[in-house]
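Reading the structure
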Amino acid sequence: MADLSSDDRIVIVGAGVGGAQTAAALREHGWTGRLTLLGDEPHPPYDRPPLSKDVLAGKADSTVFDLDWAALDVELLTGRRALRLEGAERIVVTDGGPVHYDHLVAATGASAVPLPGALGVPGVHLLRTVDDALALRAALRPGARVVIVGAGWIGAETATAAAALGCGVTVVEAGPEPLPGALPAELGRLTRDWYAAAGVELRTGSPVAEVEAAAVHLADGTLLEADAVVVGVGARPATGWLGDSGVTLDDHGAVLADARLRTTLSGVHALGDCASFPSGRFGTRLTVQHWDNALHGARTVAADLLGGDGAPYDPVPYFWSEQFGRMVQYAGHHPAADRLLWRGAPEDAGWTVLWLRGDVPVALLAVDRPRDLAQGRRLIERATPLDPAAAADPGTPLKSAVR
């Protein structure tokens, strides 16, 4: 619990969903003291998930949050990059000067991982910011040759948009199947047909050797000519500014937060993509780089700053992806599972897989079965045992398949 006084200044570093919603939650719950939201981009705080969907598709140019910062009495400092944290003095050093705080929230998210040697190469794009999305959209002209490096969630969503815009799309993936690291190979393999049906060439087991202007060289010697190259090989926590501050980071650069999202440095909380937290539910620490985690983490941080006695932060991770005309939704943490249970089959219009520990669901993946997701997520939250035979029947609602 924070020791707040009305004269204190809370500074939130990071103006994505986590930072913006922390500010909004503090005001909603009665905090009237000085509140500063600092973001490194020149834009007002905005939502990121639509960038690879509506923005790339040309359905939207802006995803700015519908929040009135003046009415909320939030000091909004955009275009200010945090360079380092001087914890003893309670100062955030930025490229626009020092910012003093009494309580600090680190919500700086994650940065897209570039390919070695590809930064600054003409025609090579990352997709993390609204400026990235608008620049890439301008390159997705009908007939353009687009090579996407990485068949993860961003790669699949970008391929979906590019193919729909009439581009010739090739996706190259170093792993043996799409979605490596996110899903077991047996499930990632099921998305291959989605690429083919959309007219997208998918090359797995194809690491990239070099990227240059207008070409991608694969390790096997293949040359892929490209008008645009999109790199989607992951993201890393944006925590470089916290080095030597007293805030402890894990081996991957994520902030080690506790069950109330407090860091090892007094007066500092961390949330969202840049933080890891202990999950009693799954028996491990989790770093969840998805929108839902930032949203819920914001509420926990605001409550803790204001002295709330809520439950430890231990959400069921959730994310979604729209790709090749399908809604793909995931909840839970499947490495904690003992076995996999199918509801339906890959050739069905929609299907779901459940991961079980004993008979208790710990994760599920739903493809065009949103009701399964909604009901299954609640069952995971409550650790409710299932009747495996009933749960395997796609005609039986999951809520009716409990023991």
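Everything that follows concerns the structure shown earlier in this document.
Residues numbered from 1 in each chain as written. Predicted model: local features only at pLDDT ≥ 70, side-chain atom pairs only at ≥ 80, totals over all residues. Heavy atoms only, no water.

Looking at the overall build of the protein chain
- Counting secondary structure elements, the protein chain contains eight helices and 26 strands.
- The C-alpha atoms of the protein chain give 22 Å as radius of gyration, which agrees with the globular expectation for 403 residues (22 Å, within 12%).
- Seen along its three principal axes, the alpha-carbon backbone of the protein chain occupies a region of about 60 × 60 × 35 Å.
- Here the protein chain holds 403 residues, and 53% of them are scored as buried.
- Put simply, of all contacts in the protein chain between residues at least 6 apart along the chain, 59% involve residues at least 24 apart.
- Here the protein chain displays about 16,900 Å² of accessible surface, and carbon together with sulfur accounts for 50% of that area. (Helix = DSSP H or I, 4+ residues; strand = E, 2+ residues; numbered from the N terminus. Rg over C-alpha atoms; globule rule 2.2 N^0.38 Å. Buried < 20%, exposed > 50% of the residue type's maximum accessible area, 1.4 Å probe, protein only. Contact = heavy atoms within 4.5 Å. Areas by Shrake-Rupley, 256 points an atom, 1.4 Å probe, with all protein chains shown as cover.)

Points about the side chain of T191
- Among the secondary structure elements, T191 is positioned in the loop between α4 (185-188) and α5 (192-197).
- The class for T191 is buried, based on a relative accessible area of 4%.
- At 2.8 Å, the side chain of T191 forms a polar contact with the backbone oxygen of G188.
- What T191 contacts, discounting residues up to four positions off in sequence, is P178 and L179. (Polar contact = N/O pair within 3.5 Å; in protein donor to acceptor, adjacent residues only side chain to side chain.)

Things to note about helix α1 (residues 17-28)
- Across its 12 residues, α1 extends 16 Å between first and last C-alpha, which sits within 8% of the 16 Å expected from 1.5 Å per residue.
- The element α1 is largely enclosed, with a buried count of 10 among its 12 residues.
- Taken residue by residue, α1 has V17, G18, G19, A20, T22, A23, A24, A25, L26 and R27 as its buried positions.
- Elements that come into contact with the buried residues of α1 comprise β1 (9-13), β2 (34-38), β7 (103-106) and α6 (291-305).
- G30, located one to two residues past α1, shows a positive phi value of around 100°. (Expected span 1.5 Å × (residues − 1).)

Looking at the sheet that holds strand β26 (residues 360-367)
- Taken in spatial order, the five strands make up an open sheet running β22-β23-β26-β25-β24, and their pairing is antiparallel. The open sheet has two free edges, formed respectively by β22 (318-323) and β24 (339-343), since each of these has just one partner strand. Strand-to-strand twist of the sheet, defined as the mean angle between neighbouring strand axes without regard to direction, takes the value 20°.
- The pairing of β24 with strand β25 (residues 351-357) spans five bridges and is antiparallel. Bridge pairing in β25 places L340 opposite W355. (Pairing = 2+ DSSP bridges. Axes fitted to C-alpha atoms, helices over the stretch in contact; angles between N-to-C directions.)

Examining the side chain of T352
- Checked against the element boundaries, T352 lands in strand β25.
- Its relative accessible area of 0% is what places T352 among the buried residues.
- Leaving out residues up to four positions away in the same chain, T352 has contacts with L341, W342, R343, L364, L365, A366, R369 and D372.

Comments concerning the pairing of strand β13 (residues 208-212)
- Examined bridge by bridge, β13 and strand β14 (residues 215-218) share four bridges and lie antiparallel to one another. Across the sheet, E212 pairs through a bridge with A215, a residue of β14.

Looking at helix α7 (residues 370-382)
- In this model, α7 (13 residues) spans 19 Å end to end at C-alpha, consistent with the 18 Å of a helix rising 1.5 Å per residue.
- The inward-facing, buried residues of α7 contact α6, β22, β23 (326-332), β24, β25 and β26.
- Following α7 by one or two positions, A383 has its phi on the positive side, about 50°.

A short note on the environment of W194
- With respect to the secondary-structure elements, W194 resides in helix α5.
- Considering only alpha carbons, one finds W194 and F324, 130 residues apart in sequence, at a separation of 6.2 Å.
- Those residues in contact with W194 that lie beyond four places of it in its chain are Q323, F324, R326, V328, W351 and V367.

Focus: the sheet that holds strand β6 (residues 97-100)
- With antiparallel pairing, the three strands of this open sheet are ordered in space as β4-β5-β6. The sheet is open, and its two borders are formed by β4 (82-86) and β6, each paired with just one other strand. Across the sheet, the axes of successive neighbouring strands diverge by a mean angle of 25°, strand direction being ignored.
- In terms of strand pairing, strand β5 (residues 91-94) meets β6 through four bridges, oriented antiparallel. Along β6, the bridge assignment pairs V92 with V99.

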